[in-house]
Amino acid sequence: MKYTWIDSFEGLSRLPADIRAELESGGQIISVPAGTQIFAPGQSSDNLLLLLEGTVRVQQKSETGREVFLYRVHAGESCVLTTACMLAHEDYSADGIAETDVSAVAIPRATFDELVAKSKTFREFVFAAYSRRITDLFTLIDDIVFQRVDVRLASRLLELANPDDVVNATHAVLATELGTAREVVSRTLSEFQRRGWIEQSRGEVRLTGRSGLARLVKSSGAHS
């Protein structure tokens, strides 16, 4: 069998030839630029999204208007909110936004329903991803409820920093990442800067004391 997009997804490469062919013929490769809203609350979920390149950020807005980051979909992963909505025949309850230029495979509902019903390997792929993300969301809830904001912010800065130790994000974006208020993030970043761990400029944070941030995270036993 020739190499196709299917081989980019762990679990799908084991599909038998006839199921692979059905998945390939049903799927459509789509590309969207950074900043595109891929789905929004109230929209119907008509296609399972399998990400080939880029990242998609999934977040939810509370009744008070505060945005809370839920998870990111990376290349080689599926969007489990889409999976949940398709299985339950419900509309989206959160926003999905392309953080970078994105290339993905859209599997239409008819193909998804048929393969879930008849292919054990495809079902295992769908539900393994679903299980992992549910675990991640329980971890997120635990972090929000029990972890200190400074520890969570330090952990997230280390996670988001690029190879040049720069985090390209505003205080508002970081607040969304942590499910807290922008003012709380601003105060905490000011304290990090006072300690010499970061430098701030408009729209970015530069890590100048990565070891200090790492010690803070390690000392609390925080999730990475």
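Along each chain, numbering runs from 1 in the same order as the chain's sequence is written. pLDDT decides what is reported in this predicted model: residues at 70 or higher carry local features, side-chain atom pairs at 80 or more are listed and counted, and totals for whole chains, interfaces and linings draw on all residues regardless. Side-chain measures here rest on the full set of heavy atoms in the structure, leaving out hydrogens and waters.

## Some thoughts on helix α1 (residues 17-26)
Spelled out, the test is: Burial classification: accessible surface area is computed with a 1.4 Å probe over protein chains only, and a residue below 20% of its type maximum counts as buried, one above 50% as exposed, and the rest as partly exposed. Strands are runs of DSSP state E lasting at least 2 residues, helices are runs of H or I lasting at least 4, and numbering of each runs from the N terminus. What the arc covers is the set of directions going from the helix axis to the C-beta atoms.
Listed as buried for α1 are Ile19, Arg20, Glu22, Leu23 and Gly26. Buried residues in α1, looked at end-on, bunch into an arc of 165°, giving them a common side. Projecting away from the buried face of α1 at angles above 90 degrees are the exposed residues Asp18 and Ser25.

## Considering the packing of aromatic side chains
Filter applied, for reference: Only centres within 6.5 Å qualify two rings of Phe, Tyr or Trp (six-membered ring in Trp) as a pair; their planes then separate them into stacked at under 30 degrees, edge-to-face at over 60, and tilted for everything else.
Counted according to the given criterion, the structure contains six aromatic pairs. The interplanar angle of 35° and the centroid separation of 6.4 Å between the aromatic rings of Phe122 and Phe125 together place this pair among those described as tilted. Of this pair, Phe122 and Phe125 both sit in helix α4 (residues 120-146), three residues apart, which is roughly one turn of that helix. Ring centres 5.4 Å apart and planes at 45° place the aromatic pair Phe192 and Trp197 in the tilted group. When its relative accessible area of 1% is taken as the criterion, Phe192 is described as buried. In this structure Trp197 comes out as buried when scored by relative accessible area, which is 12%.

## Quick notes on the domain arrangement of the chain
Which entries qualify depends on this criterion: Here the bounds of each domain stem from an automatic or database domain assignment. Simply put, the buried area is the total loss of 1.4 Å probe accessible area from both parts when two parts are fitted together. Note on definitions: salt bridges are taken to be side-chain nitrogens of Lys or Arg within 4 Å of carboxyl oxygens of Asp or Glu.
Examined at the domain level, the chain breaks down into domain 1 (5-144) and domain 2 (147-218). Of the roughly 870 Å² buried between domain 1 and domain 2 on both sides combined, carbon and sulfur atoms contribute 43%. Summed over the shared surface of domain 1 and domain 2, the result is two salt bridges. Among the salt bridges present, the one from Glu177 reaches Arg57, with a minimum N-O distance of 2.4 Å. Secondary-structure elements contributing two or more residues to the side of domain 1 that touches domain 2 are β4 (55-61), β5 (67-74) and α4. Sorting elements by how many residues they give to the side of domain 1 that touches domain 2 places β5 first, with four residues.

## Things to note about the side chain of Asp95
Heads up, the condition is: As used throughout, the charge tally considers Lys and Arg to be positive and Asp and Glu to be negative, leaving His and the chain termini uncounted. Within 3.5 Å is the distance limit for a polar contact, defined as a pair of N or O atoms, with the added protein rule that one can donate a hydrogen and the other accept it, and that residues adjacent in sequence qualify only through two side-chain atoms. Contact criterion: two residues are considered in contact whenever any of their non-hydrogen atoms come within 4.5 Å of each other.
Following the sequence through the fold, Asp95 ends up in strand β6 (residues 95-98). The side chain of Asp95 is buried and forms no salt bridge, while Lys61, the nearest opposite charge, is found at 6.1 Å. A polar atom in the side chain of Asp95 sits 2.5 Å from the side chain of Gln37. Apart from the residues within four sequence positions on either side, Asp95 is in contact with Gln37, Phe39, Ala40, Pro41, Arg57, Val58 and Gln59.

## Observations concerning the UniProt feature "domain: HTH crp-type" (unreviewed entry) in the chain
Going by this rule: UniProt positions are given in the numbering used here, feature names are shortened, and annotations may be inferred rather than shown by experiment.
Feature annotation in UniProt assigns "domain: HTH crp-type" (unreviewed entry) to the following positions: residues 147-211. End C-alpha atoms of residues 147-211 are separated by 20 Å, and the span's content is 54% helix alongside 15% strand.

## Concerning a nonpolar patch on the surface
Stated formally: Note on patches: the residues involved have over 30% relative accessible area and no salt bridge, like charges join within 9 Å, and the nonpolar side chains Val, Leu, Ile, Met, Phe, Trp and Tyr join within 5 Å. Surface accessibility in these figures is a Shrake-Rupley result with a 1.4 Å probe; residues are shielded only by whichever protein chains are displayed.
Together, Ile134, Phe138 and Ile141 make up a nonpolar patch on the protein surface, roughly 300 Å² of accessible area in all. Inspection of the secondary structure assignment puts Ile141 in helix α4.

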